[in-house]
Amino acid sequence: MRINENTLLEGKHVVLVPYNPEHVPRYHQWMGSAELQKLTASEPLTLEQEYEMQKSWREDDDKCTFIILDKHRWADPSVPEQDCMLGDVNIFLTDPEDTSLGEVEIMIAEPSYRGRGFGKEVTRMIMCYGVTKLGISKFEAKIGLENKVSIAMFKKFHFQEVSLSEVFQQITLQLTIDEAQKKWLLGGKKFMEEKEYKKTKTNIRQEESCP
């Protein structure tokens, strides 16, 4: 999506930034993992195909992608941005006739960041962005049955099971954002700040040029 091409979302421990060409080599490295291929139901791509995919996702109107960065590492200009990457998060608009429905997909690719609350923080951030910027009022998550941790996390966000496929070994969870849910999701102390990506990157990481 073009809507988030210059959007940075800053949380307590993570920063979400647009998926740019400079991120592709590390992403390609991740997706060479058989474990991640299984968890994301993905097929391995060549590096060239990965660059084409990044470009396609930037242009497509039905895909909103952010790269997840370690906020504290990213604040250190001596650490290349690619070395701050820990995963990615997406919202897919899967129904052309209902753009209020968004499928959420999150991947914590770096093993050392799993089980430490990063996924929970990122999920709330992307849901808030979906509600306030994309007009999402119903979220969906499709998760492999073996991914017990991810299933449990989405259920903590009040997602409910709507279907289970033994054939595809996948569970589908949904959450409708009514006023009560919206108040719960967006309420409380401020936990996320939206900024301009290029300007913020220039200010913090002065040695790097922005795409």
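Residues numbered from 1 in each chain as written. Predicted model: local features only at pLDDT ≥ 70, side-chain atom pairs only at ≥ 80, totals over all residues. Heavy atoms only, no water.

- Going by an unreviewed UniProt entry, the protein chain carries the name Alpha/beta-tubulin-N-acetyltransferase 9 and comes from Acipenser oxyrinchus oxyrinchus.
- Of the protein chain, the UniProt comment under Catalytic activity (unreviewed entry) reads exactly: "N-terminal L-methionyl-[tubulin] + acetyl-CoA = N-terminal N(alpha)-acetyl-L-methionyl-[tubulin] + CoA + H(+)".
- Listed under Function (unreviewed entry) in UniProt, the entry text for the protein chain is "N-acetyltransferase that mediates the acetylation of the N-terminal residues of alpha- and beta-tubulin." (UniProt positions renumbered as here; feature names shortened; annotations may be inferred.)

1. Some words on the overall build of the protein chain
- The helix and strand tally for the protein chain stands at eight helices and nine strands.
- Against the 2.2 N^0.38 benchmark of 17 Å for 211 residues, the protein chain shows a C-alpha radius of gyration of 17 Å, consistent with a compact globule.
- Seen along its three principal axes, the alpha-carbon backbone of the protein chain occupies a region of about 50 × 40 × 35 Å.
- Residue burial in the protein chain is summarised as follows: out of 211 residues, 45% are buried.
- By sequence separation, contacts in the protein chain at least 24 residues apart represent 67% of the contacts at least 6 residues apart.
- Within the structure as shown, the protein chain displays about 11,100 Å² of accessible surface, and the carbon and sulfur contribution to it stands at 50%. (Helix = DSSP H or I, 4+ residues; strand = E, 2+ residues; numbered from the N terminus. Rg over C-alpha atoms; globule rule 2.2 N^0.38 Å. Buried < 20%, exposed > 50% of the residue type's maximum accessible area, 1.4 Å probe, protein only. Contact = heavy atoms within 4.5 Å. Areas by Shrake-Rupley, 256 points an atom, 1.4 Å probe, with all protein chains shown as cover.)

2. Comments concerning the side chain of Arg26
- With respect to the secondary-structure elements, Arg26 resides in helix 1 (residues 24–30).
- Within the structure, the side chain of Arg26 is placed 2.9 Å from the side chain of Asp83, a separation counted as a polar contact.
- Those residues in contact with Arg26 that sit more than four places away from it in its chain are Gln82, Asp83, Met85 and Glu110. (Polar contact = N/O pair within 3.5 Å; in protein donor to acceptor, adjacent residues only side chain to side chain.)

3. Describing helix 6 (residues 148–156)
- Residues of helix 6 that are buried include every one of Ser150, Ile151, Met153 and Phe154, and no others. For helix 6, the angular spread of the buried residues around the axis is 160 degrees, confining them to a single face. In helix 6, those exposed residues whose orientation departs by more than 90 degrees from the buried face are Lys148, Val149 and Lys156.
- Residues of helix 6 that are buried make contact with strand 5 (101–108), helix 5 (118–133), strand 6 (138–144) and strand 8 (170–176). (Arc of directions from axis to C-beta.)

4. Points about the environment of Glu22
- Mapped onto the elements, Glu22 comes out in the loop between strand 2 (14–18) and helix 1.
- Sequence separation between Glu22 and Glu81 is 59 residues; the distance between their C-alpha atoms is 8.5 Å.
- At a separation of 3.1 Å, a polar atom in the side chain of Glu22 contacts the side chain of Lys201.

5. Re helix 3 (residues 47–59)
- Compared with the 18 Å implied by 1.5 Å per residue over 13 residues, the 19 Å span of helix 3 between its first and last C-alpha is a close match.
- Turning to helix 3, its buried residues number three or more, namely Glu50, Gln54, Trp57 and Arg58. The buried residues of helix 3 occupy an angular sector of 100 degrees when the element is viewed end-on, so they sit on one face. Turned more than 90 degrees away from the buried face of helix 3, the exposed residues are Glu48, Glu52 and Lys55. (Expected span 1.5 Å × (residues − 1).)

6. Topic: the sheet that holds strand 7 (residues 160–165)
- The strand order across the open sheet built from nine strands is 7-8-6-5-4-3-2-1-9, with neighbouring strands paired in mixed fashion. Each edge of the open sheet carries a strand with a single partner, namely strand 7 and strand 9 (193–196). Strand-to-strand twist across the sheet, computed as the mean angle between neighbouring axes with direction ignored, equals 25 degrees.
- Pairing of strand 4 (residues 85–92) with strand 5 involves six bridges; the strand directions are antiparallel. Looking at strand 5, one finds that Asp88 is bridged to Met107.
- Running at roughly 85 degrees to strand 9, helix 8 (residues 197–204) makes contact with strand 1 (7–10), strand 2 and strand 9 of the sheet. (Pairing = 2+ DSSP bridges. Axes fitted to C-alpha atoms, helices over the stretch in contact; angles between N-to-C directions.)

7. Details of the side chain of Glu103
- Within the secondary structure layout, Glu103 lies in strand 5.
- Buried charge Glu103 goes without a salt bridge, the closest partner of opposite sign being Lys142 at 4.5 Å.
- Aside from chain neighbours lying at most four places away, what touches Glu103 is Asn90, Ile91, Phe92, Thr94, Glu140 and Lys142. (Lys, Arg positive; Asp, Glu negative; His and termini not counted. Salt bridge = Lys/Arg side-chain N within 4 Å of Asp/Glu carboxyl O.)

8. Observations concerning the environment of Gln82
- Within the secondary structure, Gln82 is located in the loop between helix 4 (71–74) and strand 4.
- For the pair formed by Gln82 and Phe139, sequence separation is 57 residues and the distance between their alpha carbons is 29 Å.
- If near-sequence neighbours (up to four positions away) are discounted, Gln82 is found in contact with Glu22 and Arg26.

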